[in-house]
Amino acid sequence: MKVATFFIVGLLVHIVFFISIFDIYFTSPLVHGMTPQHVPLPPPAKRLVLFVADGLRADTFYKPDVNDTIRAPFLRAIMEEKGTWGISHTHVPTESRPGHVALIAGFYEDVSAVAKGWKENPVEFDSVFNESRHTWCWGSPDILPMFAKGASGDHVYTHTYPAESEDFASEDASKLDSWVFDEVKAFFNSAKGNENLLSKLHEEKNVFFLHLLGIDTNGHAHRPMSKEYLENIVLVDTGVSEIVSLVEDFFGNDGQTAFIFTSDHGMTDWGSHGAGHASETLTPLVAWGAGIQTAQRATTHLYQDQHQKEWNLGTLRRVDVNQADIAPLMSSLIGVPIPLNSVGVLPLNFLNNSQHFKAESMFANSIQILEQFKVKMTQKKETTLSFFFTPYPVLTEEKQEEFLQHAKSLIHRGLYDEAILLCVEMITQALEGLSYYHTYDRFFLGCSVVLGFVGWTSYVVLVILKTHASLRKPPGNRQLMSNEGLGRVFLCMGLAILAFLLVQASPWTYYIYCLLPVPVWHAVFKEIGTLLDLIKSAPSLPLCKCFGYFVLVTFGIELLVVSFFYRAMLSLGLLLLSLWPLLSGLHIKATTRSLTWALSCLCLAVFPLMPVVGRESNIHLVTCAAALTLFNTISYLVSSRRLSPLPRKDRQLFICQMVHVGLCAYVLTSTHASLQQKQGLPLFNQLVSWTTLVVSFFVPLLSSTRLFQRLMSILLSLVSTYLLLSTGYEALFPPMLSWLMFVWINMEQEAMSAGTLSKTELFRIDFSENIDITKIRQLKLDDIRRSYFFVFFIITAFFGTGNIASINSFDPASVYCFLTVFNPFVMGGLMMWKVLIPFVIVMCTFETIQVSTQLSSRSLFLIVLVISDLMALHFFFLVKDYGSWLDIGTSISHYVIVMSMTIFLMILSIMTHVLTSRRVFVGKKMKVHFK
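This is a predicted model, so every value here is computed, not measured. (Residues numbered from 1 in each chain as written. Predicted model: local features only at pLDDT ≥ 70, side-chain atom pairs only at ≥ 80, totals over all residues. Heavy atoms only, no water.)

### Quick notes on the overall build of the protein
Tallying secondary structure elements over the protein gives 35 helices and 10 strands in all. Counting the 931 residues in the protein, one finds 57% classified as buried. Counted over contacts in the protein with a minimum sequence separation of 6, partners at least 24 positions apart contribute 80%. A total accessible area of about 38,300 Å² is found for the protein, and carbon and sulfur atoms account for 63% of it. (Helix = DSSP H or I, 4+ residues; strand = E, 2+ residues; numbered from the N terminus. Buried < 20%, exposed > 50% of the residue type's maximum accessible area, 1.4 Å probe, protein only. Contact = heavy atoms within 4.5 Å. Areas by Shrake-Rupley, 256 points an atom, 1.4 Å probe, with all protein chains shown as cover.)

Printed below as a string of structure tokens:
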């Protein structure tokens, strides 16, 4: 297989493995074709007012400050006198869109829906707003349109501010909430003179939705414990108080209005959200008004945590719910059908109504979930061969009918408490049945993906043995079967799988996962002769040394896996790596370089022990990083004058890049000073930042392709961008990593000369020179060690910058030099590039080692691919969708990170090859030099 073909095939295979996690574990739970369920009794409320304070944490809202002052006195008084309170437990991903879908539609969106956009609906779904008579919404243009678009008819009215208002650098993001409150006041005032609107407002089953984004925006910009975030809570509390008074007065204090105050998700201490930490999943819930139970004194404590004690709420009864339970609560209050796809369970402890009403509501809730179960079961039955289909044993059709008759009978006889218990039991069984059919194909798909994974890894190992290892090939026929016969066997297998999937009317992605192993294993069996050669060559191989390498690499891979859970393990790994020259004997020949290697490893080992990035900003450390980079560059320029003097143009380029590094440090400092003074992002700084980002890809191409000159130019370009994306100590990481990488290059040269391989002077190596095929050597056992070092440094490049193994570990403040207006995809792209910059530094070093150690660019990378695939397979088995949401979010994050890493490495290998070996000459004409 040609290199280009192999690369494309490998990339596609890994993309399939990456996407498979969402098809196997996180597919949309929605089904269609259910019948809305009505409660035959009058509801307690005519209208509902829903306040959602975006990004509000439960602890920040409930806990008094250091002076025991309550931050939200109005809502606290409601909790103590008029309403019911508790914690709403959100689910991963803790983002705005899935949180609002759970609140208003009652189901949990799959993780992949976040990537499909905040403004469009990946799937159509029912909601409380859709079931209402009229719904008026005020708030963010990122949230409101999706509920208006998903509604049938034109009864959902949205009022949004411009998207540009969501500016993290604004003087006061709480103005977003003030805008909402002012608009609601103006709306009700204008209604008094509008007969048509007044008539609509006095109808039943109306909803008023106030989306309050200021708290979330201030949390991102200033952190959840900042003065701005806490003052925004006070503003929201005051605004809620005013709106409640306004609504009550408008409707003549008729006692027919229900109020709910909650949040879509929380926020970490460093101002991000998305994963399953308690600070992200615990949100406040306060309900009061028509149909809501008034404050009750706590007789027993049902919850084992210490939250009530910490929040001075130990005397009040607390009622916790899952976030999706709020949708059936709202539906029950105003008498509309529960959203068809809701999986929420009506929290009866919030209701202040008769047992008859509660029993009828729970019966409607159970039938609504049972309808979903029936549709799901029918769909799965229709797409599975009858002799393969295994129905959910707990909830057969006979048991469903028995439940319906029994529940109706209990309600008819007035045995409401028994009816409620029966309905709760039925809901539990129906939800378990939904999960059963939702995950019906999981084992089958998982086996297919693992089979493909193992097949691909086996094929790569065989390619390494065949083309890059010097195996002794015994004479004789090495084929177990002719290629033509082998092809027929696998063709028949593929056709059989295809027919099986067609008969079952499987989704198109199933074809990919199930058919992929066929060509992969066909390729493996075609290379089976290589395996036979290995077995026959075994007596001549240094088996003890091979086994030693196998044990060390296995231990090393497990060390890397554990480092995803405990970053400090990388510090232990770097400590062990610092001993390499001592264990290999290199310290005798290269004492100075060995000491430098040990010192650089120990310095880098400090970073995984540092706190998570973003928790504390320190711009002075970023300035120090710029100074350290300039010092290293000047030291290199001085030392290079002896070995290889720089041409005038290259010297001028280095000086320009050094000035640029200083400029970037100034831009970062002045930007953060401007934002602290709430003067916004200066236009000049923004222009410099975007220009730096663009030119950083091209400036290295202007420098000489001599080894150290090109590497230094790449480093200066990358560090310039990295400085603009830094907020603290992580800015010191690229200079320290680069120091270790330069030492690694020199140490590998010493290792080459220590063996039987010829050594090339590093300063004479030119990346652009054509590789002499006669000098390319075969792989040795020591190359496994080089490949492992590379994978280890790649993992260190991720965690060393202060990230944690979670999708919520990135700090939005990193991008404030580029933009401050909320734009999730641009911000995400910039933060992703920040993560990749240390990767590029390590990749360029790896490219250098491949050139300097006379290896083809493919051989070492294949070993790297095997090691990273083994790690990915390890995390594939660790992915789960049960247990705590922290565990679920962490397992998703681990697999996504390691698979993304493998895919990016394949793409970055091309990028780094271009960065190191191509040169653009600027003169009378622009031309690209390809030697």
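### Section: the pattern of salt bridges
In this structure the tally under the stated criterion is 17 salt bridges. Lys380 is paired through a salt bridge with Asp441; the nearest N and O atoms lie 2.9 Å apart. Pair noted here: Lys380 is in helix H14 (residues 355-382) and Asp441 is in the loop between helix H16 (416-438) and helix H17 (442-467), with a separation of 61 residues, a long-range link. Arg785 is the salt-bridge partner of Glu748, the closest N and O atoms lying 2.5 Å from each other. Of this pair, Glu748 sits in helix H31 (residues 733-754) while Arg785 sits in helix H32 (residues 781-799), and the two are 37 residues apart along the sequence. Note on accessibility: Glu748 and Arg785 belong to one class, buried. A single network of salt bridges, built from pairs that share partners, joins Glu748, Asp783, Arg785 and Arg786. (Salt bridge = Lys/Arg side-chain N within 4 Å of Asp/Glu carboxyl O.)

### Considerations on the nonpolar core
For soluble globular proteins, the rule of thumb is that nonpolar side chains tend to be buried together. The biggest cluster of nonpolar side chains holds 154 residues, and the ones touching the most others in it are Trp597, Phe790, Phe793 and Met871. Looking at which element gives the most residues to this core, the answer is helix H33 (residues 824-852), with 15 residues. Discounting residues that sit within four places of it in the chain, Met871 has contacts with Ile557, Leu560, Val561, Phe564, Val791, Ile795 and Val898. Membership of the second largest hydrophobic core comes to 67 residues, among which are Ile104, Phe129, Val207 and Leu434. (Core = buried A, V, L, I, M, F, W, Y, C linked by side-chain atoms within 4.5 Å.)

### Brief notes about the confidence of the model for the protein
Mean pLDDT for the protein: 84, with 89% of residues reaching 70 or above. For the protein, strand S10 (residues 926-929) is the element with the lowest average pLDDT, namely 46, and strand S6 (residues 257-262) is the one with the highest, namely 98. Across residues 114-122 the pLDDT falls below 50, and counting only partners more than four positions away or on other chains, this stretch makes 25 contacts in the model. Contacts for the low-pLDDT stretch residues 924-931, under 50 throughout, to residues beyond four places or in other chains number 13 contacts. (pLDDT = per-residue confidence, 0-100.)

### Quick notes on the environment of Pro647
Relative to the assigned elements, Pro647 resides in the loop between helix H27 (619-643) and helix H28 (648-676). Given the relative accessible area of 42%, Pro647 is considered partly exposed. As for Pro647 and Ser704, which are separated by 57 residues in sequence, their C-alpha atoms are 8.8 Å apart.

### Side note on the pairing of strand S1 (residues 47-53)
With seven of its seven residues buried, S1 lies for the most part within the structure. Judged by which residues are buried, S1 turns out to be covered on both faces: Arg47, Val49, Phe51 and Ala53 on one side and Leu48, Leu50 and Val52 on the other are all buried. Here S1 pairs with S6 via six bridges, running parallel. Each residue of the ladder has a partner; that of Val52, found in S6, is Thr262. (Pairing = 2+ DSSP bridges.)

### Describing the sheet that holds strand S4 (residues 156-160)
Spatial ordering of the open sheet is given by S4-S3-S5-S1-S6-S7-S2-S8, a layout of eight strands whose pairing is mixed. If you trace the sheet from one side to the other, it starts and ends with S4 and strand S8 (321-322), each paired once. Across six bridges, the pairing between strand S2 (residues 84-89) and strand S7 (residues 282-289) is antiparallel. From the neighbouring strand, His89 faces S7, where its bridge partner is Leu282. Helix H3 (residues 73-82) rests against S2, S6 and S7 of the sheet, and its axis sits at about 65° to S7. (Axes fitted to C-alpha atoms, helices over the stretch in contact; angles between N-to-C directions.)

### As for a nonpolar patch on the surface
A surface patch of nonpolar side chains, amounting to about 760 Å² of accessible area, comprises Phe555, Leu572, Leu575, Leu576, Leu579, Leu582, Leu583 and Leu602. Counting only elements with at least two residues in the nonpolar patch, the list comes to helix H23 (568-577) and helix H24 (580-584). At three residues, the largest contribution of residues to the nonpolar patch is made by H23. (Patch = residues over 30% accessible without salt bridge, like charges linked within 9 Å, V, L, I, M, F, W, Y side chains within 5 Å.)

### Things to note about unusual backbone geometry
Located in the positive-phi region is Arg223, a residue other than glycine, with phi close to 85°. Locating Arg223 in the fold gives a position in the loop between helix H9 (214-222) and helix H10 (227-250). Here Arg223 falls in the buried class, since its relative accessible area comes to 12%. For Asn312, which is not glycine, the phi dihedral falls at a positive 60°.

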